[in-house]
Amino acid sequence: MTAHLLSIADLGVDGIGKVLRLADRFVEVNARPIPKVPALRGKTVASLFFEDSTRTRLSFETAARRLSADVLTFSAGSSSLNKGESLRDTVETVEAMGVDALVVRHRSSGVPWQVARWARRAAVVNGGDGWHEHPTQALLDCYTIRAERRARNLGEGLGGLHVGIVGDIRHSRVARSDVLAFGALGARVTLAAPPTLLPPSLEGWDVEVSHDLDGLLGKLDVVYLLRLQSERMTEALLPSLREYTATYGLTAQRAERLGPDTLVMHPGPVNRGVEVASDVADRSVITHQVANGVAVRMAVLFLLLGMVDG
Amino acid sequence: MAETLVLRGGRIVDVNGTRPADVIVAGGIVTAVGADLEAPAGATALDATGCVVAPGLVDLHTHLREPGREEAETVETGARAAALGGYTAVVAMPNTEPAVDSAAVVAQVQDLGRRAAVEVAVAGAITVGRRGERLTPMAEMAALGVHLFTDDGAGVQDAGLMRRALEYASGLGVVLAQHCEDNALAAGGQMHEGAWASRLGIPGQPAEAEELMVARDIALCRLTGAPVHFLHLSTAGSVALVRAAKAAGLPVTAEAAPHHFTLTDESVASYDPVFKVNPPLRGATDVEAVRAGLADGTLDAIATDHAPHPPEAKELPFDQAPPGMLGLETALALALSELALPVEAVLALLSWRPARIAGLGATQGGPVAAGRPANLCVIDPEARWVVDPARMASRSRNTPYAGRELTGRVRHTVAAGVAVVVDGEARR
């Protein structure tokens, strides 16, 4: 494992496998009456969230506490960023408190790379940067697919599975990390979106593209829905929410095309009735994704900070 | 205070060709050029052995930041950086605060320029506040000697307004220079739109956002007959459009910046805003097209787009950091190192052709001949050096070339008869 976790590309197939195997052990820990181990006692993890994110921040902080690390929380709203302090000064100030890991979330792509250049000793974990990457989300997605298929006796691993990622790929850090992770583990990935919600170039992406969700759904082992943000309408990327739902929403009617073992996933928060119908959301594995997220983030923190290699 | 100088042992390269000769400078002008000249009493000797003695370089595109952004650069520091880069004249861009959109601001910058190491020509804005709405008092500014007008940093979006500006300017004998960027299509893009922007999750601006305005202004040039100068062209499509316009006999000229023939958008993968610039770093085919355009004369000049920013501005997140790179102290060496062109061709791009476009031909761009104003640079074409931001004379440090080894270095610069750089060190 590298000194930082900035991109899924930092891990490679072996690194991803290592995180997933270790996460299995932390899932066991989390099932105990007292879900806590002393692995990172004496270590300090700071979450630097320059953008609001309740679920990712809570997930990382829960993971750190279950490993007995101390946790510092920084959120932009209550910080001296409002007093004009620069990003670099903020990072250096927090690090000077003796922090071992910085979990960074920022609305601008690339900020974790900048933070990693400024950090003197702390490991930097990308908690989501702009439209770019969200590597721990991709890891928990891989973990969830593996665990759900194992539970249904459908075999091990993602090799040969067909995953459809549906929706606003262009603006999605989850999609960029998932494409790298699913591809690394041997899955076939199809992006389903109107052309306006795809990146302008897919050169170098190991994916196929579909503009026909109805034709695609029956072939998928996993359908991964992305959140659609309402400002996409004002940017002339879509005519209306209604038309988006009609063409790319996983409506109840459309969900009937799914095979019985097809997993429905979503990184949350869900716009019920837009990208996925409410009843369909309820058959999804979204809450499992959230639960697995804690174990996967425990694995990441342990690999970056733990004394003993997992 | 003009000095008496003798430049010994060099090889003159100017618009008339190449020949070994000494040069004597006195009272601000070149007084003699020839072999083994006898130095006048009290003359300071400058060793030019093994060096090229050339007309001083002329930068069509310099952001001196004064007035308004003196923490980034001043006329004094920018002119010193220019002198170290071999320049004896720079055209100061008008996107200051306030913008150079009135005779008063022109006079202020000209006054600062008179105390600077090199000649500072002032460019005026085309529209008031560079807002693209109303024409500036171009006649009043032209009366003070302003020759180039541009809203650089932004293109004039309104084709009707640009047409009128061209017509009005043609009556004054001045030239409009365009920053080509269609705002609606660029849509806030922070880098070149392509494979890298898509992978890096950064909003891009397509090459076509530049090319649309190049094509539009070529059409307006045809409509009005007024000359147009294209600033910092960066795409293969732009180069092709200008090539065709010149073949059709239209009065267009164009420049390219060193970063557009040396760097690609792949550099942005570091997310270091030192690689953020506008127009953005493009792809490898664009870099090749810019090089070809410089080689075949489609692009008339290399212009630095020297754009200083303080360190804190370049430590913002990539999408919030301001665009711009330093250029004055590295342009000549990059051209000599990276363009496979003979030194005469490089100097044409950096000296006499931009001098003509800037309207500075009377004082700048040579030839090196008795009676001409003494604006000269002495270049050691074999000297190897490593770019070190900490050693730059600019007040800012935002060079994308830190650590790069280059070949070719300025040894001396003589501006208006004064040795402003001697042995690579600034004297003022």
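This is a predicted model, so every value here is computed, not measured.

Draft legend 1. Quick look at the packing of helix H5 (residues 135-151) of chain A against helix H12 (residues 286-305) of chain A. Residue and element names in this part refer to chain A. It is at 8 Å that the axes of H5 and H12 come closest, and there the two elements cross at 120°. Of the two elements, H5 crosses H12, and the hand of that crossing is right-handed. Residues Thr 136, Gln 137, Leu 139, Leu 140, Asp 141, Tyr 143, Thr 144 and Glu 148 of H5 form the contact with H12, whose own contacting residues are His 288, Gln 289, Asn 292, Gly 293, Val 296, Arg 297 and Val 300. Taken together, the residues of the contact of H5 with H12 break down into five nonpolar, seven polar and three charged.

Draft legend 2. The arrangement of helix H1 (residues 12-30) of chain A in detail. All names here are of chain A. If you check H1, its first and last C-alpha atoms are 26 Å apart, about what 19 residues at 1.5 Å a residue would give, namely 27 Å. Where H1 is concerned, the buried positions are Gly 15, Ile 16, Gly 17, Val 19, Leu 20, Leu 22, Ala 23, Asp 24, Phe 26, Val 29 and Asn 30. Those residues of H1 hidden inside the fold are in contact with helix H2 (54-66), H5, helix H6 (173-184) and H12.

Draft legend 3. Summary view of the packing of helix H8 (residues 236-247) of chain B against helix H9 (residues 284-296) of chain B. Residues and elements named next belong to chain B. The N-to-C vectors of H8 and H9 enclose an angle of 30°; their axes lie 8 Å apart at closest approach. Comparing their axes, H9 and H8 come out roughly parallel. Within the contact between the two elements, H8 uses Ala 236, Val 239 and Arg 243 and H9 uses Thr 285, Asp 286, Ala 289, Val 290, Ala 292, Gly 293 and Asp 296. Of the residues that constitute the contact of H8 with H9, the class distribution is five nonpolar, two polar and three charged.

Draft legend 4. Region of the structure containing helix H3 (residues 87-96) of chain A. All names here are of chain A. For H3, the full list of buried residues reads Leu 87, Thr 90, Val 91, Glu 92, Val 94 and Glu 95. The inward-facing, buried residues of H3 contact strand E1 (44-49), strand E2 (70-75), strand E3 (101-106) and helix H4 (111-118). Gly 98 occupies a position one or two residues after H3 and carries a positive phi of about 90°.

Draft legend 5. A look at unusual backbone geometry. For the bond from Glu 66 of chain B to Pro 67 of chain B, the omega torsion is 5°, close enough to zero to count as cis. Mapped onto the fold, Pro 67 of chain B is located in the loop between strand E8 (57-62) and helix H1 (75-84). Note the cis peptide between Asn 278 of chain B and Pro 279 of chain B, where omega equals 0°. Phi is positive for Ser 68 of chain A, which is not a glycine, with a value near 70°. In this structure, Ser 68 of chain A sits in the loop between H2 and E2. In the Ramachandran plot, Arg 65 of chain B falls in the positive-phi region, its phi being about 70° despite a non-glycine side chain. Assignment of secondary structure puts Arg 65 of chain B in the loop between E8 and H1.

Draft legend 6. How the structure looks around the domain arrangement of chain B. All names here are of chain B. Taken domain by domain, chain B holds domain 1 (5-53 + 370-426) and domain 2 (56-357). Summarising the inter-unit geometry, the C-alpha centres of domain 1 and domain 2 are found 26 Å apart. If you look at the interface, domain 1 gives 35 residues, while domain 2 gives 45 residues. Here domain 1 packs against domain 2, burying approximately 3,000 Å² in sum over the two surfaces, 66% of which is carbon and sulfur. Per-residue buried area on domain 1 facing domain 2 is highest for Arg 395, Asn 398 and Tyr 401; these three make up 22% of the total on that side. Linking domain 1 to domain 2 there are one salt bridge.

Draft legend 7. Inspection of the domain arrangement of chain A at higher detail. Residues and elements named next belong to chain A. On domain assignment, one finds that chain A holds domain 1 (8-134 + 290-305) and domain 2 (135-285). When each unit is reduced to the centre of its C-alpha atoms, the spacing between domain 1 and domain 2 is 25 Å. If you look at the interface, domain 1 gives 30 residues, while domain 2 gives 25 residues. Carbon and sulfur atoms make up 64% of the area that domain 1 and domain 2 hide from each other, which totals about 2,300 Å². When the buried surface of domain 1 facing domain 2 is broken down by residue, Ile 8, Trp 131 and His 134 rank first, second and third, together holding 30% of it.

Draft legend 8. Broad picture of the packing of aromatic side chains. Under the counting rule described, the total for this entry stands at five aromatic pairs over all chains. Ring geometry for Tyr 244 of chain A and Tyr 248 of chain A: centres 6.1 Å apart, planes at 25°, overall stacked. Of this pair, Tyr 244 of chain A and Tyr 248 of chain A both sit in helix H9 (residues 241-248), four residues apart, roughly one helical turn. In terms of burial, Tyr 244 of chain A and Tyr 248 of chain A fall into one category: buried. The ring centre of Trp 196 of chain B lies 4.7 Å from the NZ or CZ of Arg 199 of chain B, which sits over that ring. The side chain of Arg 409 of chain B reaches across the aromatic face of Trp 385 of chain B, ending 4.3 Å from its centre.

Conventions used here
- Residues numbered from 1 in each chain as written.
- Chains lettered and ligands numbered in written order.
- Predicted model: local features only at pLDDT ≥ 70, side-chain atom pairs only at ≥ 80, totals over all residues.
- Heavy atoms only, no water.
- Axes fitted to C-alpha atoms, helices over the stretch in contact; angles between N-to-C directions.
- Helix = DSSP H or I, 4+ residues; strand = E, 2+ residues; numbered from the N terminus.
- Left-handed = near helix turned anticlockwise from the far one by under 90°.
- Contact = heavy atoms within 4.5 Å.
- Nonpolar A, V, L, I, M, F, W, Y, C, P; charged D, E, K, R; others polar.
- Expected span 1.5 Å × (residues − 1).
- Buried < 20%, exposed > 50% of the residue type's maximum accessible area, 1.4 Å probe, protein only.
- Parallel < 35°, antiparallel > 145°, perpendicular 65-115°, else oblique.
- Domains from an automatic or database assignment.
- Buried area = accessible area lost by both parts, 1.4 Å probe.
- Salt bridge = Lys/Arg side-chain N within 4 Å of Asp/Glu carboxyl O.
- Phe/Tyr/Trp six-rings, centres within 6.5 Å; stacked < 30°, edge-to-face > 60°.
- Lys NZ or Arg CZ within 6 Å of the ring centre and 35° of its normal.

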